[in-house]
Amino acid sequence: MSKILCVLYPDPSTGYPPQYARDDIPVISSYPDGQTLPTPRGTPGFKRGALVGCVSGELGLRGYLESHGHEFVVTSDKDGSNSAFERNLADAHVVISQPFYPAYLTPERIAKARNLKLALTAGIGSDHVDLRSASERGITVAEQTFSNSISVAEHVVMSVLALVRNYLPSHDYAVSGGWNIADCVSRSYDLEGMHFGTIGAGRIGLAVLRRLKPFGVHLHYNQRHRLPQDIEAELGLTYHDTPQSIAKACDVLNLQVPLYPKTRHMFDDAMFALMKRGAYLINCARGDLCDRDAVVRAMESGRLAGYAGDVWFPQPAPSDHPWRHMPHQGMTPHISGSSLSAQARYAAGTLEILQCFLENRPIRPEYLIVDGGRLAGVGAKSYGLS
Ligand code: NDP
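A brief structural summary. (Residues numbered from 1 in each chain as written. Predicted model: local features only at pLDDT ≥ 70, side-chain atom pairs only at ≥ 80, totals over all residues. Heavy atoms only, no water.)

Points about the sheet that holds strand 6 (residues 195-199)
The test is simple: Any two strands are treated as partners once DSSP identifies two or more bridges connecting them. Each helix corresponds to a stretch of at least 4 residues labelled H or I by DSSP, and each strand to a stretch of at least 2 residues labelled E; elements are numbered beginning at the N terminus. Every axis in this analysis is a line fitted to C-alpha atoms, fitted for helices over the stretch in contact. Angles between the N-to-C directions lie between 0 and 180 degrees. Note on contacts: a residue pair qualifies if any of its non-hydrogen atoms lie within 4.5 Å across the two residues.
Pairing is parallel across the open sheet formed by seven strands, whose spatial order is 8-7-6-9-10-11-12. The open sheet terminates on both sides in strands that have one partner only, identified here as strand 8 (238-240) and strand 12 (329-331). On average, each strand axis in the sheet is inclined to that of its neighbour by 15 degrees, with strand direction left out of account. Bridge count between strand 11 (residues 304-309) and strand 12: three bridges; the pairing is parallel. Across the sheet, residue Tyr307 finds its bridge partner in strand 12, namely Gln329. Contacting strand 11 and strand 12, helix 12 (residues 292-301) crosses the sheet at an angle of about 140 degrees to strand 11.

Notes on the nonpolar core
This is how the line gets drawn: The term nonpolar core refers to a set of buried residues drawn from Ala, Val, Leu, Ile, Met, Phe, Trp, Tyr and Cys, joined through side-chain atoms within 4.5 Å. In this scheme, a residue with accessible area under 20% of its type's maximum is buried, one over 50% is exposed, and one in between is partly exposed, where area comes from a 1.4 Å probe on protein chains only.
If you look at the biggest cluster of nonpolar residues, it comprises 62 residues, and the most contacted ones within it are Leu59, Ile96, Leu105 and Leu354. Examining the composition of this core, we find that 10 residues originate from one element, helix 13 (residues 340-358), more than from any other. If we ignore the near neighbours within four places in the chain, the residues touching Ile96 are Ile4, Leu5, Cys6, Val7, Leu59, Leu61, Leu120, Ala122, Thr350 and Leu354. Val156, Val157, Tyr280 and Ala305 belong to the second-largest nonpolar core, a separate cluster that totals 31 residues.

Quick notes on the packing of aromatic side chains
Rules: For Phe, Tyr and Trp, rings pair up if their centres lie within 6.5 Å, where Trp contributes its six-membered ring, and each pair is then called stacked (planes under 30 degrees apart), edge-to-face (over 60) or tilted (otherwise). Think of it as a cone above the ring: NZ of Lys or CZ of Arg counts as a charge over the ring if it is within 6 Å of the ring centre and within 35 degrees of the ring normal.
All chains considered together, the criterion is met by eight aromatic pairs. Seen from their ring centres, Phe267 and Phe272 are 5.7 Å apart, and the 55 degrees between their planes marks the pair as tilted. Judged on exposure class, the residue Phe267 and its partner Phe272 are both buried. Linked through ring pairs, Tyr307, Trp312 and Trp323 together constitute an aromatic cluster. Its guanidinium or amino end placed over the ring of Tyr101, Lys78 lies 5.1 Å from that ring's centre, counting from NZ or CZ. Note that Arg324 overlies the ring of Trp312, its terminal NZ or CZ placed 5.5 Å from the centroid.

What about unusual backbone geometry?
The peptide bond linking Tyr16 to Pro17 adopts the cis configuration, its omega dihedral lying at -5 degrees. Mapped onto the elements of the fold, Pro17 is located in the loop between strand 1 (3-7) and helix 1 (62-67). Of note, the bond from Phe313 into Pro314 is cis; its omega dihedral lies within 30 degrees of zero at -5 degrees. Here Pro314 is to be found in the loop between strand 11 and strand 12.

What about the sheet that holds strand 4 (residues 118-121)?
Spatial strand order, 2-1-3-4-5-13-14: seven strands in an open sheet with mixed pairing. Each having just a single partner strand, strand 2 (71-75) and strand 14 (374-375) make up the two edges of the open sheet. Sheet topology places strand 1 next to strand 3 (residues 94-97); four bridges connect them, and they run parallel. Counterpart to Val7 in the pairing with strand 3 is Ser97. Across the sheet, helix 13 is in contact with strand 1, strand 3, strand 4 and strand 5 (140-142); its angle to strand 4 comes to roughly 165 degrees.

Quick word on the side chain of Asn283
Counting through the fold element by element, Asn283 comes out in strand 10 (residues 279-283). When residues no more than four places from it in sequence are discounted, the contact partners of Asn283 are Leu255, Leu289, Cys290, Tyr307, Ala308, Gly309, Asp310 and Val311.

Things to note about the site of the ligand
Formally: When we say a residue is near a molecule or strand, we mean one of its heavy atoms is within 4 Å of it. Here a polar contact is recorded for every N or O atom pair within 3.5 Å, except that within protein the pair must consist of a potential hydrogen donor and a potential acceptor, and residues adjacent in sequence are included only if both atoms are side-chain atoms. Calculation of accessible area relied on Shrake-Rupley with a 1.4 Å probe; when residues are assessed, cover is drawn exclusively from the protein chains displayed. Here the term charged refers only to Asp, Glu, Lys and Arg, the term nonpolar to Ala, Val, Leu, Ile, Met, Phe, Trp, Tyr, Cys and Pro, and the term polar to all other amino acids, Gly among them.
For the ligand, the set of nearby residues contains 29 residues, the closest of which are Arg203, Gln223, Arg224, His225 and Ser382. Within the backbone of Ile204, a nitrogen or oxygen atom sits 2.9 Å from an oxygen atom of the ligand. Residue His225 places a main-chain N or O atom 2.7 Å away from an oxygen atom belonging to the ligand. When the ligand is considered free in solution it has 910 Å² of accessible area, and contact with the protein chains removes 93% of it. Contributions of two or more residues to the shell around the ligand are made by helix 5 (149-164), helix 8 (203-212) and helix 14 (377-382). Taken together, the residues of the shell around the ligand break down into 11 nonpolar, 13 polar and five charged.

Read these as geometric descriptors, not functional statements.
Okay, structure coming up:
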């Protein structure tokens, strides 16, 4: 029997379960590239549309795990050597963690986790696991590819419009009883006609490009491999072979690459110096793609007109993290990929992967990041170990 250690974000401050705003969520039949939705065996232990990503939600896993005799420990106490996470790590066979509230599996923690066989990300993006150490130890790393890609793409589009139209400060004026139209519109522009680019045009980046096409913007992208010609033609895309080239060309830039050693601090002072004065940067990929203090300098100097996204380093961000207080930003906690709609998909995918692992069946290649001592499946396509 296995011990499954699961780290989830804390319950709502108003108690669990929350009062839901809606009674159901739409049924999605497949992902945009034809990949099938999660296919766990049996009925998942949660109602679609329920809050399952927090501690009391338990990703709906307890019924399946306990009925098969496994030990299931769920906690949000994840940081520090006295945390419940570290106390339970030594004999855990499986660790489940969400990127929104990551249980960082550092080389030191992996060394302590002598029984660990599977690091399972409930969501997408497994950079909170030291992938090199996981490979060396033969630990499998898996996530639910596509489960929240469209959720993030929608958040990116919202952020683009919020920044360019100066929505958030204008809303604040309305709430506070004001009618300061001149103050609101002094930083408000139309997106139409602007140059929008994404670094990383994978599942999320391409979905963002598709959603922005009807806004009448010029679309650009950069990644290491070009997209198929028919997609470039359909969307009228301009390809850039370096991040520097796309940074110079765009009014609004989106980051949508995985975080690994080569992409860490891709945006530093030198990169911001290349951008147009008054450009906007959206980052719903990973906080550490940007040098934290270089972002603040770019915002304070006016090089950037706005910065938005939901990803920070570390997470949770400390209360004095400078991105919380810099001007003209549209930051949120890490929420874009954890809508109730996304939770239903990644909780079902987590169950599917657990069932495969515990019942000795292969995990789908599109869910694998590390397997058999190396980057594997989707991980081999999108990540690097250096
Ligand atoms: P994909 O793997 O589908 O796409 C990533 C793209 O990045 C690939 O197309 C790849 O193309 C490109 N890429 C990789 N390395 C580089 C590089 N050095 N320079 C330029 N492009 C590069 O991933 P997703 O679109 O599903 O997700 C992207 C990231 O978004 C995730 O890794 C995760 O960190 C983050 N994410 C955030 C969420 C949130 O809640 N905020 C939720 C889900 C994901 P190529 O190989 O051709 O370079």
